[in-house]
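Architecture at a glance
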Amino acid sequence: MIENTENMTFEESLKALEQLVNELESGNSDLDKALEIYEQAMLLRDRCKKILDDCDRRVQKMIETSEGIKKEDFTAE
Amino acid sequence: MADTVTVTQLNTRVKSVLSECSAVNDIWVIGELSNLKKYPSGHYYFTLKDSTSEIRGVMFRQSRGRIDFEPQDNMKVTVFGKADLYVERGSYQFIAETMQRSGVGDLYLAYEALKKKLESEGLFERSRKRKLPQYPRVIGVVTSSSGAVIHDIITTSGRLFPADILLYPAKVQGEGAAESIVRGIHALNREGVDVLIVGRGGGSIEDLWAFNEEMVARAIAASEAPVISAVGHETDFTIADLVADVRAPTPTGAAELALRDRRELARHIDTHVLRVNRSLSGILKTMHYRFGMLESKLDPKYADQKISRYSMRLDELGFRMNSALRSTAETVRRRFIKMDSNLDAYVPRMIDNGRKDLLRYSERLENINPVRVLDRGYTLITDMNGKALTSAGQISAGSEINIILKDGNAEAQITRAEMRK
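In this report, the structure presented in the accompanying data block is examined. Treat the numbers as computed from the prediction; the structure is a model and nothing was measured.

Another point: the overall build of chain A. Along its length, chain A carries 2 helices and 2 strands. Reading chain A from its N terminus to its C terminus gives the helix and strand order α-α-β-β. When each of the 77 residues of chain A is scored for burial, the buried share is 32%. Taking as baseline every contact in chain A between residues at least 6 positions apart, the subset at least 24 positions apart corresponds to 47%. Looking at chain A as shown, the accessible area adds up to about 5100 Å², and 42% of this sits on carbon and sulfur atoms.

See the structure below:
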């Protein structure tokens, strides 16, 4: 039972979603269980979409300095 | 007495001295091209130099057809022709009649030798190729920070699965390039990137040479993160491409191999949600149906209808049982005629199946045996001759009836009977 999807990676969320779909499609769930699966599936869907819509990815460049490796933001010309 | 000549005469004399001297005619000269200019007239002008000296050179349009490559600056060449003087300027130059690339043969030999060596070590084996991670968080890129490669990767990845990009700005050609690329592969692995792209844009075999060096090949092979190579054009095949887990035809292709399409993933998720919805509504429909059934079962209004339905089903089941047995027997007979092989095994099985059918039908019959129904509080009404009464039309006031209960009988007289409207 997943309560917080906040820290789940895309891969974990998608895998969990696939498992729920399979469980539901196996037809062994009673109504309560089915509704619970449905709610979980919606949570996981939201998590996946949030990761996909994330525009906050970083593009950085490594720089070797005397104190070791540093990183700074990079924009291609 | 000393000659007195004009400038033109002097230049003309030197020109003829040069043209008569076999030491500077029809010779091969080794050097490196620079300041190469290709004129609209079709002539090539260039400087040919070595570490200490240089000479201007020209190759006329009509000679150009003799060379099978595109001359470029920094290319090592061997040029055939003669030394000459350009009279109008008094400048000394070399007139090239043909040109060959030098050193290239050596490079090909080195390439083939290394390829053979690494191949025998199994470094190109398909079984060594690792699968790329499906959803990487960070992609490491080893390439020049100014080339088209990093630009294309950043641009393309915008429409792909969102991942961070970490660039190691490497020297990708010339002295120290191989070392720089190796350092980049190591540094990005230490950063824990999920996948690596190693590459550069197109160029001559010399330009791409770092990617044919053994140390680069070994660094790629030893990389913890899977490596995508994107070196040169699609037609260039470097050792790095052979060792890499996947070879991309272009930098854009490399980004597409590393990251899955964002919209395609969104569609994939939607499909899952659709399946959940479909299953759930299926379950709800079943629930409705079962609830409806339960409701009708509980309603006393339907109780008598049910009894007659039971008796009808009794008849029907009896009939079906008979015909099932008959058709089983018929099937067995037909099979018997048709195939006498396998019969020994077949007939007993058919008989067994028939027996099982019979058993199953008997069980079902048992379930709807009226006596069982009596267990549940229903009664059976017959006339005094034991004929079942199912219709109000069969009785009237004063009729005597027999009521069969679960555990006994009772006789009664009808006081009133009427058909239900």
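Don't stop here, the text continues.
Sheet strands pair by backbone hydrogen bonding; their relative direction is either parallel or antiparallel. Residue and element names in this part refer to chain B. Taken in spatial order, the 5 strands line up as S1-S2-S3-S5-S4 and close into a barrel, and their pairing is mixed. Averaged over all adjacent pairs, the angle separating strand axes in this sheet is 50°, with direction ignored. Two strands pair when backbone bridges link them, and strand S2 (residues 44-49) and strand S3 (residues 54-59) are joined in this way by 6 bridges, in the antiparallel orientation. Residue pairing in the sheet places Leu48 in a bridge with Ile55 of S3. Each of strand S4 (76-86) and strand S5 (91-101) touches helix H1 (residues 7-20); the most contacted strand, S4, lies at about 140° to it.

It is worth spelling out the interface of chain A and chain B at this point. Taken together, the contacts link 35 residues of chain A with 39 residues of chain B. Of the roughly 3500 Å² buried where chain A meets chain B, counting both sides, 68% is carbon and sulfur surface. Contact with chain B buries surface across chain A, with Leu52, Arg57 and Met62 of chain A losing the most and accounting together for 21% of the total. On inspection of chain A and its partner chain B, the count reaches 5 salt bridges. With a closest N to O distance of 2.9 Å, Glu191 of chain B and Lys71 of chain A form a salt bridge. Of all elements in the fold, only helix H1 (10-25), helix H2 (31-53), strand S1 (59-65) and strand S2 (68-73) of chain A reach the threshold of two or more residues within the side of chain A that touches chain B. The leading source of residues in the side of chain A that touches chain B is H2 of chain A, at 12 residues. Class assignment for the residues of the side of chain A that touches chain B results in 19 nonpolar, 3 polar and 13 charged. Note: S1 of chain A against strand S7 (residues 164-169) of chain B, 3 bridges, orientation parallel. Within the sheet, the bridge partner assigned to Val59 of chain A lies in S7 of chain B and is Ile165 of chain B.

On to the pattern of salt bridges, then. Residue and element names in this part refer to chain B. Under the defined criterion, the tally for this structure stands at 22 salt bridges over all chains. Where Lys38 meets Glu70, a salt bridge forms, and the shortest distance between an N and an O atom there is 2.9 Å. Linking Lys38 in strand S1 (residues 27-38) with Glu70 in the loop between helix H2 (61-64) and S4, this pair joins segments that are 32 residues apart in sequence. One salt bridge connects Arg159 with Asp261, and the closest N-O pair in it is separated by 3.6 Å. Placement of the pair is Arg159 in the loop between helix H4 (148-157) and S7 and Asp261 in the loop between helix H8 (251-258) and helix H9 (262-298), with a sequence separation of 102 residues. Here the salt bridges share partners, and the residues they tie into one network are Lys117, Glu121, Glu214 and Arg218.

Criteria and thresholds
- Residues numbered from 1 in each chain as written.
- Chains lettered and ligands numbered in written order.
- Predicted model: local features only at pLDDT ≥ 70, side-chain atom pairs only at ≥ 80, totals over all residues.
- Heavy atoms only, no water.
- Helix = DSSP H or I, 4+ residues; strand = E, 2+ residues; numbered from the N terminus.
- Buried < 20%, exposed > 50% of the residue type's maximum accessible area, 1.4 Å probe, protein only.
- Contact = heavy atoms within 4.5 Å.
- Areas by Shrake-Rupley, 256 points an atom, 1.4 Å probe, with all protein chains shown as cover.
- Pairing = 2+ DSSP bridges.
- Axes fitted to C-alpha atoms, helices over the stretch in contact; angles between N-to-C directions.
- Buried area = accessible area lost by both parts, 1.4 Å probe.
- Salt bridge = Lys/Arg side-chain N within 4 Å of Asp/Glu carboxyl O.
- Nonpolar A, V, L, I, M, F, W, Y, C, P; charged D, E, K, R; others polar.

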